[in-house]
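What the coordinates show
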Amino acid sequence: AEREPAPDVSGPTLDGSTLALSDLDGPVVINFWASWCGPCAAEAPHLASIAETYGEQGVSVVGVNVRDTTTNARAFEREHGIAYPSWDDESASIASQFGALGPAGLPSTVLLDADHRVASRLFGAVTARQLAPRLDGLLAEAG
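Residues numbered from 1 in each chain as written. Predicted model: local features only at pLDDT ≥ 70, side-chain atom pairs only at ≥ 80, totals over all residues. Heavy atoms only, no water.

As a further point, take the state of the cysteines. Going through the model one piece at a time under the given rule, you end up with one disulfide. With its sulfur 2.3 Å from that of its partner, C37 forms a disulfide with C40. Disulfide C37-C40: torsion about the S-S bond near 80°, hence right-handed. Summarising the burial analysis for this pair, C37 and C40 share the class buried. (Disulfide = S-S within 2.5 Å. Buried < 20%, exposed > 50% of the residue type's maximum accessible area, 1.4 Å probe, protein only.)

Shown next as structure tokens:
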């Protein structure tokens, strides 16, 4: 099937820098989350593991912290050892740019292929075991 391109989002990250999707090469895991979301906390170690394991293979993981305060989001990242960047999206403006491709609820994860087209959408907490085969497939496509 024809994959839909992801919007070329750009915005401030929780660490105060600016990140654009176009700055990233290769497949991308975009995870929509909030510090007040219990399932988001449950999936956090899995996403940290994916970022560490697949980062060396050219996969980027980026969070979108939605409808949350920057202070709470930064504390969540520290508590859960999140080293990958997250857009600071308190107003949900970045999430809304994804339109129908975006989150129906939190957490939600969108996997983009190397051309930044939407390859998969997952709703609810994800595990490394769920993501790994999908990422392996995207890396094989790009390879």
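Okay, back to it.
Within strand 6 (residues 108-112), five of the five residues are buried, leaving the element largely enclosed by the surrounding structure. A two-sided burial pattern is seen for strand 6, the buried positions comprising S108, V110 and L112 on one face and T109 and L111 on the other. Pairing of strand 3 (residues 28-33) with strand 6 involves five bridges; the strand directions are antiparallel. Within strand 6, the position partnered with V28 by the bridge is L112. In the sheet, strand 6 pairs with strand 7 (residues 118-123) via five bridges, with the strands oriented antiparallel. Directly across from V110, in strand 7, lies its bridge partner R121. The loop that links strand 6 with its antiparallel partner strand 7 comprises five residues; one of these, H116, has a positive phi angle of about 60°. (Helix = DSSP H or I, 4+ residues; strand = E, 2+ residues; numbered from the N terminus. Pairing = 2+ DSSP bridges.)

Let us now look at the nonpolar core. Soluble, globular proteins show a tendency: their nonpolar side chains are buried together. Counting 26 residues, the largest nonpolar core has V29, I50, Y54, L111, L131 and L135 as its most contacted members. Of all the secondary-structure elements, those providing two or more residues to this core are strand 3, helix 1 (38-55), helix 2 (70-80) and helix 4 (128-142). Core analysis: the second largest hydrophobic core is formed by 20 residues, A6, L21, I30 and V62 among them. (Core = buried A, V, L, I, M, F, W, Y, C linked by side-chain atoms within 4.5 Å.)

Note that every value here comes from positions in space, so none of it alone points to a role or purpose.
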